[in-house]
Amino acid sequence: MTKPSTLVDKIWNDHVVRAETESTPAVLYVDLHLVHEVTSPQAFAELRRRGARVRRPDLTLATMDHSTPTTPRTRGRLMVLDPQAAAQLEQLETNCDEFGIRLFGLDDSRQGIVHVIGPEQGLTQPGMTIVCGDSHTSTHGAFGALAFGIGTSEVGYVLATQTLLQRKPRKMQVRIDGALPRGVTAKDIILAIIAKIGVGGATGHVLEYTGSAIRALGMENRMTICNMSIEAGARAGLIAPDDTTAEYIAGRPFAPAGTLWDAAVERWKQLVSDDGASYDRTVDLRADTLAPMITFGTNPSMAIPIDGRVPDPDAAQTGAERADLDKALRYMALEPGQPLLGRAVDVVFVGSCTNSRISDLREAAAVMRGRQVAPGVRMLVVPGSRNVKSQAEAEGLDRIFMAAGAEWREAGCSMCIAMNGDQLAPGESAVSTSNRNFEGRQGKGGRTFLASPLTAAATAVTGAIADVRSLS
Amino acid sequence: MEPFTTLTSSCVVLAAENVDTDQIIPARFLKTIERRGLGAHLFADWRVDERGQPRIDFPLNSLVASEASILVAGHNFGCGSSREHAPWALLDFGFRAIISTGFADIFRNNALKNGLLPVTLAPTAYVSLVDQLAKSLHARVTIDLAAQLATLPDGSAHAFPVDPFARHCLLNGVDELGFLLGEEIAIAAYESAHPARVSTR
């Protein structure tokens, strides 16, 4: 009998081109490489310098998302007014053209955030290795893929060889059992997990999310969870595929069809961690005791239940932790012991690779329906892809948002990254459905409170941080 | 890549923990298509105040920063975004090594690929180093990559871990791409045994 193995081990073993030794990491094959404008230009330049080609353009897909404006189109065209962003986007077009890579550019109806369009197109499938020059590549792990972010040098290596040098990761099981209470969502689960294990607590590990609460989630919610694995320092995060996974993939443009589909589904059934497989660490969390979560500080682990109070740095375990908290509270203009409920905000942002899919927009719209964005609050709703945008418009969600006084924008990373014109002004506060509350992340001097789409919408209509459970 | 063998230098201490790559290089500077010139924006929002003036209390604006090639930084340095612009900016500013008690995975990978050496010390050695540097601002540390030893100003030597392959690349100034291109036969064999799972065509 073979030794029970984890899902990560199975995917890993299936992609080893050359096994690792003491002196050399494994050569690992990459099934799908996603490319965007910000982390790829220097990699293509390196290929040119060396006279190298792209080995497998057929396993590579590019899109534009980070530096693209989300302002309305003029006669169907998106105007890029920032000359540096325009040059970067043009460079991606040139690179894709020259190296034969398919590009979902600004004029393509499939353009969108790289981690939204991979799954949407059916390219993200169980058992695959997927990389992208973006730390939120862990999103694709929701399908039982081993997906992780890489730097620009590695983008070049994958373009040239379709492989990477990798050491086998450690494995951490995160088991979440129980039913989610009303008003509590996948975003709250992942914020609670990160608060529990810490911003660097999963360094060197791949997280496998298991348990009844995970099984009960739809694919888009699973993506929200895997997306933020990196915020605990994890190399990746994944969830074993099941019927929910197969149902989501079926019929999508790049999904297998016919007899290939049946064979794929059979193969995917093997992609589970065996009974008795060992993890380097296991963390447990109850879903039924969770409340909506919100961050108060300047990294995603600084999160509390929405009806909680800002922690006191004096109660910290170590001097470094205390200094970290002190600095965060100063930046956020918060006092120890202060409640967050009722704190006024300037902006509400619904979007990003964490929470910009159709189910996220439906949740936000359900709260907004028949209500108004509070005076003095600016609300941006930014769909994750042009397909999500069309779908939302077909369902009338855009009209709900606009009738409430929110801005309905074009697809892109928008205010999550503040390099495309969408950003906070110094001193402004925002409740955001994105993934990072680092200092200045949403604009220099801006203050970010991370929360779910439900909490974001409740805050928008209240004008201050609000508990969706107490809206009538 | 410039080879890394030994380095003796004074140090800049940035004590904060969990320094993320958005601080190292804010996203608005990522619209460049070049690797060079990012040192001017290193820690932009911490170095410069609202009126564009250097903050005199920020360590990178200190006198020692102009001569130091080693950054001493708090635990979990380089967390967050995968942007390789972070090591590019640190190198362009003049750093060749960073000493901490721990690094975020992607940052460490990116640093190693550019000849910027992440040196992980045990917490006790790290605290001792910070103490010594507080007492003597211009004290020097020696990092010997071949021996994998960091020698602190008090003469104490501390071993640090480095992946053997990364060490080989750094010592010889070669990158991984040459090695991977040399694996052509093995890669082609893998491809013929494993049909593509998807096609973007």
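Residues numbered from 1 in each chain as written. Chains lettered and ligands numbered in written order. Predicted model: local features only at pLDDT ≥ 70, side-chain atom pairs only at ≥ 80, totals over all residues.

**Topic: the overall build of chain A**
This is how it is decided: Under the scheme used here, helices are H or I runs from DSSP no shorter than 4 residues and strands are E runs no shorter than 2 residues, and both carry numbers assigned from the N terminus. Radius of gyration means the value over C-alpha atoms here, while the globule rule gives 2.2 Å times the residue count to the 0.38 power. In this scheme the burial state of a residue depends on its C-beta neighbours within 10 Å: 20 or more other such atoms mean buried, 12 or fewer mean exposed, and anything in between means partly exposed; the C-beta positions come from the backbone. We call two residues in contact when their backbone-placed C-beta atoms lie within 7 Å.
Tallying secondary structure elements over chain A gives 15 helices and 19 strands in all. Relative to the globule expectation of 23 Å for 472 residues, the C-alpha radius of gyration of chain A, 22 Å, shows essentially globular dimensions. With respect to the three principal axes, the spread of C-alpha positions in chain A is 55 × 55 × 45 Å. By residue count, 61% of the 472 residues in chain A fall in the buried class. Long-range contacts, defined here as pairs at least 24 residues apart, represent 77% of the contacts in chain A between residues at least 6 apart.

**Details of the overall build of chain B**
The helix and strand tally for chain B stands at 8 helices and 7 strands. Counting only C-alpha atoms, chain B reaches 60 × 45 × 25 Å along its principal axes. Across chain B, contacts joining residues at least 24 apart in sequence account for 68% of those joining residues at least 6 apart.

**Overview of unusual backbone geometry**
Residues and elements named next belong to chain A. For Ser 352, which is not glycine, the phi torsion reads 85° and is therefore positive. With respect to the helices, strands and loops of the structure, Ser 352 is situated in the loop between strand 15 (347-350) and helix 12 (358-368). One non-glycine residue, Ala 418, adopts positive backbone phi at about 50°. Within the fold, Ala 418 resides in the loop between strand 17 (407-408) and strand 18 (429-432). The exposure class of Ala 418 is buried, given the 21 C-beta atoms found within 10 Å.

**Section: the sheet that holds strand 7 (residues 146-149) of chain A**
Residues and elements named next belong to chain A. So the rule is basically this: For two strands to be treated as a pair, DSSP must find at least two bridges joining them. With axes taken as lines fitted to C-alpha atoms, and helix axes fitted only over the stretch in contact, angles between N-to-C directions fall between 0 and 180 degrees.
Spatial ordering of the open sheet is given by 5-4-3-6-7, a layout of 5 strands whose pairing is parallel. Since the sheet does not close on itself, it has two edges, and those belong to strand 5 (102-104) and strand 7, each with one partner. Each strand of the sheet is rotated relative to its neighbour by a mean of 20°, with strand direction disregarded. Inspection of the sheet shows strand 3 (residues 32-35) paired to strand 6 (residues 129-132) by 3 bridges, in the parallel sense. By the bridge assignment for strand 6, His 33 is matched with Val 131.

**Points about the nonpolar core**
Residues and elements named next belong to chain A. Basically, it comes down to this: Any set of buried Ala, Val, Leu, Ile, Met, Phe, Trp, Tyr and Cys residues joined through C-beta atoms within 7 Å is what this text calls a nonpolar core.
Ranked by internal contacts, the top residues of the largest apolar core, which has 207 residues, are Ile 189, Ile 294, Val 348, Met 368 and Val 381. The greatest single-element share of this core, amounting to 8 residues, is contributed by helix 6 (residues 186-197). Apart from residues no more than four positions distant in its own chain, Ile 189 is found in contact with Ile 176, Ala 213, Ile 225, Ala 287 and Leu 290.

**Quick word on the packing of helix 2 (residues 41-50) of chain A against helix 5 (residues 152-161) of chain A**
Each pair of packed helices can be summarised by the angle the axes make with each other and by the distance between the axes. Residues and elements named next belong to chain A. To keep it simple, the criterion reads: With respect to orientation, any angle under 35 degrees is reported as roughly parallel, any angle over 145 as roughly antiparallel, any angle of 65 to 115 as roughly perpendicular, and every other angle as oblique. Handedness of each helix crossing follows the sense of rotation of the near helix against the far helix: counterclockwise by less than a right angle gives left-handed, clockwise gives right-handed. Gly counts as polar in this scheme, as do all residues outside two lists: the nonpolar Ala, Val, Leu, Ile, Met, Phe, Trp, Tyr, Cys and Pro, and the charged Asp, Glu, Lys and Arg.
One can describe the packing of helix 2 onto helix 5 by two numbers: an axis separation of 8 Å at closest approach and a directional angle of 50°. By the criterion of interaxial angle, the relationship of helix 2 to helix 5 is oblique. The element helix 2 and its partner helix 5 pack so that their crossing is right-handed. Taken together, the residues of helix 5 that come into contact with helix 2 (itself represented by Gln 42, Ala 43, Glu 46 and Leu 47) are Thr 152, Val 155, Gly 156, Leu 159 and Ala 160. Across the contact of helix 2 with helix 5, the residue classes break down as 5 nonpolar, 3 polar and 1 charged.

**Observations regarding the confidence of the model for chain B**
Rules: For every residue, the pLDDT score states the predictor's confidence, bounded by 0 at the bottom and 100 at the top.
Residues with a pLDDT of 70 or more make up 100% of chain B, whose mean pLDDT is 97. Our summary of model confidence lists the complex with pTM equal to 0.98 and ipTM equal to 0.98.

**Considerations on the pairing of strand 15 of chain A**
Residue and element names in this part refer to chain A. Formally: By convention a crossover is right-handed if, when the strands point away from the viewer, the path from the first strand over the helix to the second runs clockwise.
Residues Val 347 and Phe 349 point to one face of strand 15 and Val 348 and Val 350 to the other, with burial holding for every one of them. Note that strand 15 and strand 16 (residues 378-381) share 4 bridges and pair parallel. Opposite Val 347, over in strand 16, you have Arg 378 as the bridge partner. Taken together, strand 15, helix 12 and strand 16 constitute a β-α-β crossover, and its handedness is right-handed. Sheet topology places strand 15 next to strand 18; 3 bridges connect them, and they run parallel. In the sheet register, Val 347 faces strand 18, and the bridge partner there is Ala 430.

**A word on the interface of chain B and chain A**
Interface size is commonly expressed as the accessible surface area that is lost when the partners come together. Contacts between the two partners involve 48 residues from chain B, matched on the other side by 65 residues from chain A. Secondary structure elements with two or more residues in the side of chain B that touches chain A: helix 1 (21-24), helix 4 (105-112), helix 6 (164-172), helix 7 (176-181) and helix 8 (184-193) of chain B. When grouped by side-chain class, the residues that make up the side of chain B that touches chain A number 18 nonpolar, 13 polar and 17 charged.

**Focus on the sheet that holds strand 8 (residues 163-166) of chain A**
If you trace the 3 strands from one edge of the open sheet to the other, you get 1-2-8 (chain A), paired in antiparallel fashion. Edge positions in the open sheet fall to strand 1 (16-18) and strand 8 of chain A, since each of these has one partner strand only. Strand-to-strand, the axes of this sheet are offset by a mean angle of 40°, without reference to chain direction. Here strand 2 (residues 26-29) of chain A pairs with strand 8 of chain A via 4 bridges, running antiparallel. Directly across from Ala 26 of chain A, in strand 8 of chain A, lies its bridge partner Gln 166 of chain A. Packing of helix 8 of chain B onto the sheet brings it into contact with strand 1, strand 2 and strand 8 of chain A, and relative to strand 1 of chain A it is tilted by some 150°.

**Looking at helix 6 of chain A**
Residues and elements named next belong to chain A. Selection criterion: Multiplying 1.5 Å by the helix residue count minus one yields the expected span of that helix.
Compared with an ideal rise of 1.5 Å per residue, which puts 12 residues at 16 Å, helix 6 spans 17 Å between its outermost C-alpha atoms and is within 8% of the ideal. A large share of helix 6 lies buried, amounting to 10 of its 12 residues. Two residues or fewer after helix 6 comes Gly 198, characterised by a positive phi angle close to 95°.

**What about helix 15 (residues 453-462) of chain A?**
Residue and element names in this part refer to chain A. When you tally the buried positions in helix 15, you get 10 out of 10 residues, the bulk of the element. Those residues of helix 15 that fall on the buried side of the exposure criterion are Pro 453, Leu 454, Thr 455, Ala 456, Ala 457, Ala 458, Thr 459, Ala 460, Val 461 and Thr 462. Those residues of helix 15 that are buried lie in contact with strand 13 (293-295), strand 15, helix 12, strand 16 and strand 18. Following helix 15 by one or two positions, Gly 463 adopts a phi angle in the positive range, close to 85°.

**A word on the packing of helix 6 of chain A against helix 8 (residues 219-227) of chain A**
Residues and elements named next belong to chain A. Relative to each other, helix 6 and helix 8 sit at 20°, their axes nearing to 8 Å. Relative to helix 8, helix 6 is oriented roughly parallel. The element helix 6 and its partner helix 8 pack so that their crossing is right-handed. Of the residues in helix 8, those touching helix 6 at Ala 186, Lys 187, Ile 189 and Ile 190 are Asn 221, Thr 224 and Ile 225.

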